[in-house]
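Results of the structural survey
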Amino acid sequence: MKPETVNTEQFIDFIENNQEKFYRIAFSYLKNRDTALDAIHDSIVKALQKKHTIKNAEYFKTWFYRILINECLVYLRKNNRIIYFDNISMYTNRHDSQPNISEYIDLYQALDKLPIKLKTVVLLRFFEDMKLEEIAQITCVNLSTVKSRLYKALKVLKINMEVEND
C-alpha cells in the first residue's frame with residue numbers, strides 16, 4: 001500500500017489551522033512582527049514549491065516546521081544578530097483572557113540567552129507541545145540528542161532564572 005501524499009487542499013488546511021503556531025515560533029526567534037511574518041511567508045512559498053517531494057503525508061508537519069525554523073535561522077545568520085526581547089510593553093497592555101506576559105519576562109529573557117539548538121528544543125517541546133520524536137525529526141538529530149539538549153536547556157534556564165531572581 002502506497003503512503004498518502006499531501007494535496008494542495010490539505011496543505012492549505014494545515015497552514016490555515018496552524019498559522020498562530022507558526023507565528024509564535026517565528027516571533028520567538030526573530031522578535032519582530034514583520035520579520036516573523038516574512039519568514040512564515042517564505043516558508044509557505046518554499047513548502048508549496050516543494051510539497052511534491054513529500055512522499056508520506058504523515059511527515060508533512062515535521063517537514064514544514066523544519067522549513068520554518070531554517071528560514072528563521074537563515075534570517076538571523078544573514079543579519080548576523082540576535083534580537084533580545086527588550087521591548088515587551090506592546091504585549092503587556094493587552095486586555096484579553098491571555099495571561100499577562102510581563103509575568104513571564106524573566107523566562108523569555110532567559111530563553112533568548114540560550115544557544116539556538118537548545119532554544120529550538122524548548123520552544124518545540126513546551127510552547128508547541130511536540131513529542132520528542134517529532135522534535136528529533138524537525139531538527140534532524142537523534143532522539144537521545146534531543147533529550148540531552150532539553151535536559152541541558154532546562155538546567156541552564158533554571159540557573160539563569162535563579163540568577164535573575166537573586
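Above this text is the structure in question.
Because the structure is a prediction, the values reported are computed rather than measured.

**As for the packing of helix 1 (residues 8-30) against helix 2 (residues 33-50)**
A packed helix pair is summarised by two numbers, namely the angle formed by the two axes and the spacing between the axes. Where helix 1 contacts helix 2, the axes come no closer than 9 Å and their chain directions differ by 140°. One element, helix 1, and the other, helix 2, form an angle in the oblique class. The two elements helix 1 and helix 2 meet at a crossing, and its hand is right-handed. When helix 1 is examined against helix 2, the residues Phe11, Ile15, Phe22, Tyr23, Ala26, Phe27 and Leu30 are found in contact with a partner set consisting of Arg33, Thr35, Ala36, Leu37, Ala39, Ile40, Ile44, Ala47 and Leu48.

**Focus on the packing of aromatic side chains**
Summed over the entire model, instances satisfying the criterion amount to nine aromatic pairs. Their ring planes at 45° and their centres at 4.6 Å tell us that Phe22 and Phe64 sit as a pair that is tilted. Highlighted residues: Phe22 in helix 1 and Phe64 in helix 3 (residues 60-79), separated in sequence by 42 residues. The exposure class of Phe22 is buried, given its relative accessible area of 0%. Here the aromatic cluster, defined as three or more aromatic residues joined through ring pairs, consists of Phe11, Phe14, Phe22, Phe60, Trp63, Phe64 and Tyr65. For Arg125, the ring lying beneath its charged end belongs to Phe126, and the centroid distance is 5.7 Å.

**So, unusual backbone geometry**
Positive phi is not limited to glycine here, since Lys31 has a value of about 55°. Take Lys31: it is sitting in the loop between helix 1 and helix 2. Given a relative accessible area of 15%, Lys31 falls into the buried group. The phi torsion at Cys140 lies on the positive side, around 60°, for a residue other than glycine. Among the secondary structure elements, Cys140 is positioned in the loop between helix 7 (132-139) and helix 8 (143-165).

**Points about the pattern of salt bridges**
Overall, the coordinates contain seven salt bridges when judged by the stated rule. A salt bridge links Asp34 to Arg33, with the shortest nitrogen-to-oxygen separation between them at 3.4 Å. Three or more residues joined by partner-sharing salt bridges are found here, namely Lys31, Asp112 and Lys119.

**Focus on the packing of helix 2 against helix 3**
Between helix 2 and helix 3, whose axes approach to 9 Å, the crossing angle comes to 135°. By the angle between their directions, the pair helix 2 and helix 3 is classed as oblique. Here helix 2 runs over helix 3; the crossing is right-handed. The segment helix 2 lies against helix 3, with Thr35, Ala39, Ile40, Asp42, Ser43, Ile44, Lys46, Ala47 and Lys50 engaging Trp63, Phe64, Ile67, Leu68, Glu71, Cys72 and Tyr75.

Definitions and limits used
- Residues numbered from 1 in each chain as written.
- Predicted model: local features only at pLDDT ≥ 70, side-chain atom pairs only at ≥ 80, totals over all residues.
- Heavy atoms only, no water.
- Axes fitted to C-alpha atoms, helices over the stretch in contact; angles between N-to-C directions.
- Helix = DSSP H or I, 4+ residues; strand = E, 2+ residues; numbered from the N terminus.
- Parallel < 35°, antiparallel > 145°, perpendicular 65-115°, else oblique.
- Left-handed = near helix turned anticlockwise from the far one by under 90°.
- Contact = heavy atoms within 4.5 Å.
- Phe/Tyr/Trp six-rings, centres within 6.5 Å; stacked < 30°, edge-to-face > 60°.
- Buried < 20%, exposed > 50% of the residue type's maximum accessible area, 1.4 Å probe, protein only.
- Lys NZ or Arg CZ within 6 Å of the ring centre and 35° of its normal.
- Salt bridge = Lys/Arg side-chain N within 4 Å of Asp/Glu carboxyl O.

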